[in-house]
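Residue-level listing of the chains:
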Amino acid sequence: MRMIMAIWFLFLCLPIFSFLSSAASSTKFTPRFPSSIANKPEQLSVSTKTKPYETRYFTQTLDHFTYTPSSYQKFQQKYLINDTFWGGPKNNAPIFVYTGNEGDIEWFAQNTGFMFDNAPYFKALLVFIEHRFYGESMPFGGNKDIAYSNSSTLGYLTSTQALADFADLIINLKKNLSALHSPVVVFGGSYGGMLAAWFRLKYPHVAVGALASSAPILQFEGVVSPYSFNNIITQDYRSESENCYKVIKGSWDLIEETAGRQGGLELLRKSFRICKNQISADGIENWLGTALIYTAMTDYPTPSNFLNPLPAYPVKQMCKAIDDPKTGNNTFEKLHGVANVYYNYSGKATCFDLASHSSSLGLAGWSWQACTEMIMPTGANTEESIFPASNWSYTERVSSCKFLFDIQPRPNWILTEFGGHDIEVVLKRFGSNIIFFNGLRDPWSGGGVLKNISNSVVAIVAEEGAHHVDLRFSTKEDPKWLQDVREREVKIIGDWISQYHYDLAHSS
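Residues numbered from 1 in each chain as written. Predicted model: local features only at pLDDT ≥ 70, side-chain atom pairs only at ≥ 80, totals over all residues. Heavy atoms only, no water.

Observations concerning the overall build of the protein chain
Broken down by element type, the protein chain carries 17 helices and eight strands. Out of the 508 residues in the protein chain, the part that is buried amounts to 60%. Accessible surface for the protein chain amounts to roughly 20500 Å². Of this, 51% is attributable to carbon and sulfur atoms. (Helix = DSSP H or I, 4+ residues; strand = E, 2+ residues; numbered from the N terminus. Buried < 20%, exposed > 50% of the residue type's maximum accessible area, 1.4 Å probe, protein only. Areas by Shrake-Rupley, 256 points an atom, 1.4 Å probe, with all protein chains shown as cover.)

So this is what it looks like as structure tokens:
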């Protein structure tokens, strides 16, 4: 059985999680958001000599939507705050809030330089709120083992509960700061971008606007094709080199055939410089596929350390490794060069330990969400795909979730709760003040909003952009198109705040 890879969805964000499947079925590459697989945060480089933020905790309600005795339980929700540049409540200076994703909130704060870069201009207070059931924001006494123990406790991990958390915390924070008239703008990338957009729609009285970066709010069944994700990855590599595309496309069969021969696994170990531990064709394919998928997501125009240390334009660098004439016709040597870009750009590794590239950061939490409401069809492949041809199977997802949690997914709930069908017509009638940014080299862009819906629900699309590249810290090396994107976002946000202040001044 070919096991190509199950990397769960998670925005932007956890390591590889391989679903169990029957012997008759075949598993496919299924992506997570990059934040789910992050190893460590990048170093925060803000223009202040003080600490970039202060850590605080808010006493949060377990269940916002029922009035049963257990719903009144409390837990400590973590948030980070930076008031270095805030103009203060007397000036009704704005509050910028990051709606936390599936992981430690420090990681998101340290990868959202856009907010820090623009806080001085707007005189904004910065707040980063951690998502329930991630990081330290753990219900049930802060005990992760209890919180993740079964479906009865994990049942409180939903997007709607998270949005209500954000609203409750923001309202209380504004009250405590005597900043009732300070406008709030929410920001988010990947799953956090979905939350930011949904927050503006559900809580327009709390936030005046939202910047939703790389937010695939349409990546649900019946709205977006399950082939779109890997079609974009395929185009990313093929646009760099037809030979690069062909070598990768043909590699899966070659790995399988080699592994099946006597001495084949040792040849693969030697070719890929894999450490002296157990290997298999599935493991190598999983490991190589991870590198290809996440490099496509994070194909940034400047060096980064978002997931792993990577050079600028890493997809181009991978294809250069494949097209290098020094490797001749040695496909495995070419693929080793590909893996080296993603796993060893620093040059420190002497061999690759396949087991070391799995992490448990947020794994159970996002797996629960991907088994309940976040049923986002990806991983299907056409005959032209860089990966082996395959179909999306909801049945396989159901079987896996039944095995893991003994639950039945609700694949239509997100569309019922937030909408998605005919979004142009629907949001034009009631939505406002949302920026949807998408980079077309990001495979998640296939599930994003790519066209303006109204004068105030705006799509900013960058042909060369990758996963929430606009939210990264600015650098001197940023290309002009990226500078232009950020300037436009700042202009729109400024207009929202100016309109709010005008309306406030003329309200009575």
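Description of the nonpolar core
Counting residues in each nonpolar core, the largest one holds 149 residues, and the members touching the most others are F96, F199, Y237 and I493. Element by element, the count of residues in this core is highest for helix α10 (residues 281-297), at 10 residues. In contact with I493, other than residues within four places in its own chain, are F96, F114, F122, V185, F187 and I435. (Core = buried A, V, L, I, M, F, W, Y, C linked by side-chain atoms within 4.5 Å. Contact = heavy atoms within 4.5 Å.)

Here's the deal with the state of the cysteines
Counted according to the given criterion, the structure contains three disulfides. The side chain of C244 participates in a disulfide bridge whose partner is C319; the two sulfur atoms lie 2.1 Å from each other. Looking down the S-S bond of the C244 and C319 bridge, the torsion is -70°, so its handedness is left-handed. Within this pair, whereas C244 is found in helix α8 (residues 242-259), its partner C319 is found in helix α11 (residues 314-323), the two being separated by 75 residues in sequence. Accessibility expressed as a relative area gives 1% for C244, which makes it buried. (Disulfide = S-S within 2.5 Å.)

Let's talk about unusual backbone geometry
Unusually for a residue other than glycine, K123 sits at a positive phi of about 55°. Here K123 shows up in the loop between α2 (113-122) and β4 (125-129). Given the relative accessible area of 48%, K123 is considered partly exposed. Even without being glycine, N433 reaches a positive phi, approximately 55°. With respect to the helices, strands and loops of the structure, N433 is situated in the loop between α16 (423-430) and β7 (434-439). Looking at N433, the relative accessible area reads 17%, which means it is buried.

Comments concerning the packing of aromatic side chains
Under the criterion given, the structure shown has 25 aromatic pairs. With a centroid separation of 6.1 Å and 25° between ring planes, the pair formed by F116 and F473 is classed as stacked. Placement of F116 in helix α2 and of F473 in the loop between β8 (457-462) and α17 (480-505) is noted, with a sequence separation of 357 residues between them. In this structure F116 comes out as buried when scored by relative accessible area, which is 4%. Joined through ring pairs, the aromatic side chains of Y98, W107, F108, F116, F128, Y300, F306 and F473 make up one cluster. Positioned above the aromatic ring of Y300, the side-chain terminus of R472 is 4.5 Å from the ring centre. (Phe/Tyr/Trp six-rings, centres within 6.5 Å; stacked < 30°, edge-to-face > 60°. Lys NZ or Arg CZ within 6 Å of the ring centre and 35° of its normal.)

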